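Tertiary structure, described
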Amino acid sequence: MTANLRRSLQVWEQTGRRHSEVLREQQEQEGGSRLGGALRYPSTVILWVTCDQDVLDQRLDRRVDDMIERGLLQELKDFHADYNKQRLKEGQLADYTKGIFQSIGFKEFHQYLVLTEEEQQTKDGRKLYEAGVAALKQIPTANTIHTHHCPQGPFVYPKHILLLCPGNMADDISFPQVPPVFALDGSDPSKWDERVRLPAEGVVQALAEGREPELSTANMAKESPDVEDVNRGDKTRYECDVCERVVIGEIQWRAHIHGAKHRKMQRRQTLLKENSKKEVNV
């Protein structure tokens with residue numbers, strides 16, 4: 001059962017109404033939009049701690065390496081010994097959409113885990129292990145532990161839902177009622193006070209006193225070309241063969257092909273091709 005379906009059933013159980021009806025009612029409220037209802041608290045402000053994409057990629061890579069060093073692979077091997085071997089004997093296919101198999105690592109290391117201990121020590125076994133590590137660092141999910149597609153979620157949503165929507169535009173339901181967004185650079189932890197804590201305190205203090213904060217908001221102006229693109233509702237479909245994903249809209253497509261993840265995947269593909277050519281020549 002998907003999360004959306006589960007939520008719709010919860011709404012029906014709690015209200016006796018269809019989820020779509022509740023959403024439509026919220027959207028039609030004063031200050032509502034296609035994204036939902038009006039702000040519950042009108043004095044809301046968003047403090048968005050950002051990070052340089054390359055720095056974030058490095059942190060996420062280290063996080064995966066740390067998980068492996070702490071015993072992730074051994075946990076997967078132990079579970080495989082307890083369950084997966086019996087499943088293979090019975091000829092059952094692995095379903096990574098249910099239960100424990102949705103957890104991090106099972107799908108990514110499947111080909112490695114089904115090898116015997118002797119095969120895991122071979123050159124081919126090592127390649128499958130390294131492929132599992134690489135796949136683990138590129139899992140497309142919104143969970144912060146599931147790594148490199150995670151940055152896309154936290155960055156894309158603020159940019160295309162919050163930053164490109166300059167506020168509650170009169171007679172224009174395509175834009176939501178958006179509070180001011182203040183971006184704070186958390187790329188360098190050693191400068192946290194200087195770049196994050198103190199500017200954030202200044203913003204909150206100024207707004208509490210009815211003053212204009214010294215820090216400019218990250219919200220784009222209404223006349224921005226990107227805002228116009230969002231208003232048009234661009235549904236153009238783009239397919240990225242490198243990252244094996246579909247992107248909707250020209251703005252998102254431009255952001256994707258110039259993004260750090262796309263460039264990293266291109267470098268990895270080039271490296272794999274070069275290694276394959278070397279093996280053939282040998």
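Residues numbered from 1 in each chain as written. Predicted model: local features only at pLDDT ≥ 70, side-chain atom pairs only at ≥ 80, totals over all residues. Heavy atoms only, no water.

Helices and strands together make up the secondary structure of the protein chain, namely twelve helices and four strands. The buried share of the protein chain, reckoned over its 282 residues, is 33%. In the form shown here, the protein chain has an accessible surface area of approximately 18,600 Å², with 51% of it arising from carbon and sulfur atoms. (Helix = DSSP H or I, 4+ residues; strand = E, 2+ residues; numbered from the N terminus. Buried < 20%, exposed > 50% of the residue type's maximum accessible area, 1.4 Å probe, protein only. Areas by Shrake-Rupley, 256 points an atom, 1.4 Å probe, with all protein chains shown as cover.)

Now for the pattern of salt bridges. Throughout the structure, instances matching the rule amount to nine salt bridges. Two residues, E130 and R126, come together in a salt bridge whose shortest N-O distance is 3.7 Å. One end of the pair, E130, and the other, R126, are both in helix 7 (residues 123-136), four residues apart, so they sit about a helical turn from each other. With relative accessibility at 45%, the residue E130 sits in the partly exposed group. A salt bridge links R197 to D193, with the shortest nitrogen-to-oxygen separation between them at 3.0 Å. Here R197 pairs with D193, and both are found in helix 9 (residues 192-208), just four residues apart, close to one helical turn. On the basis of relative accessible area, R197 is assigned to the partly exposed category, the value being 35%. Each of D193, R197 and E201 takes part in a single network of salt bridges with overlapping partners. (Salt bridge = Lys/Arg side-chain N within 4 Å of Asp/Glu carboxyl O.)

On average, the protein chain scores 76 in pLDDT, and the residues at 70 or more come to 70%. Note on residues 140-154: pLDDT under 50 across the span, and 40 contacts to partners over four residues away in sequence or across chains. (pLDDT = per-residue confidence, 0-100. Contact = heavy atoms within 4.5 Å.)

Relative to strand 4 (residues 245-248), strand 3 (residues 237-240) runs antiparallel, the two being bridged by four bridges. In the strand pairing of strand 4, C240 is matched with R245. Adjacent in sequence and paired antiparallel, strand 3 and strand 4 are bridged by four residues, among which E244 carries a positive phi angle near 55°. (Pairing = 2+ DSSP bridges.)

A separate point is the environment of E194. Residue placement: E194 occurs in helix 9. For the pair E194 and L184, spaced ten residues apart in sequence, the C-alpha separation works out to 10.0 Å.

Once that is clear, we can look at the nonpolar core. Ranked by internal contacts, the top residues of the largest apolar core, which has 13 residues, are I68, L73, L76, F109, Y112, Y129 and L136. Discounting chain neighbours no more than four positions away, the residues touching L73 are F109, Y112 and Y129. Of all hydrophobic cores here, the second largest spans six residues; its members include C240, V247, W253 and M265. (Core = buried A, V, L, I, M, F, W, Y, C linked by side-chain atoms within 4.5 Å.)

The subject of this paragraph is the packing of aromatic side chains. Inspection of every chain in the model, using the stated rule, returns two aromatic pairs. Judged by centre distance (6.0 Å) and plane angle (40°), the rings of F109 and Y129 are tilted. Placement of F109 in the loop between helix 4 (72-89) and helix 5 (110-113) and of Y129 in helix 7 is noted, with a sequence separation of 20 residues between them. A relative accessible area of 1% means that F109 is categorised as buried. Among the aromatic residues, those joined into a cluster by ring pairs are F109, Y112 and Y129. (Phe/Tyr/Trp six-rings, centres within 6.5 Å; stacked < 30°, edge-to-face > 60°.)

Before going further, it helps to spend a moment on the environment of W12. Among the secondary structure elements, W12 is positioned in helix 1 (residues 3-15). With relative accessibility at 49%, the residue W12 sits in the partly exposed group. Expressed as a C-alpha distance, the spacing of W12 and V22, which sit ten residues apart in the sequence, is 9.8 Å. Among all residues touching W12, those that are not within four sequence positions of it are R17 and R18.

The α-helix winds at 3.6 residues per turn, so residues separated by three or four positions along the chain end up facing the same way. Across its 17 residues, helix 3 (residues 53-69) extends 24 Å between first and last C-alpha, which sits within 8% of the 24 Å expected from 1.5 Å per residue. Q53, L56, D57, L60, D61, V64 and I68 are the residues of helix 3 that are buried. Buried residues of helix 3, viewed axially, fall in a sector of 140°; they line one side. Along helix 3, exposed side chains directed more than 90 degrees from the buried face belong to R62 and E69. The backbone nitrogen of D54 lies 3.2 Å from a side-chain oxygen of the residue at the head of helix 3, namely D52. Directly beyond the C-terminal end of helix 3, a positive phi value near 110° is found at G71. (Expected span 1.5 Å × (residues − 1). Arc of directions from axis to C-beta. Polar contact = N/O pair within 3.5 Å; in protein donor to acceptor, adjacent residues only side chain to side chain.)

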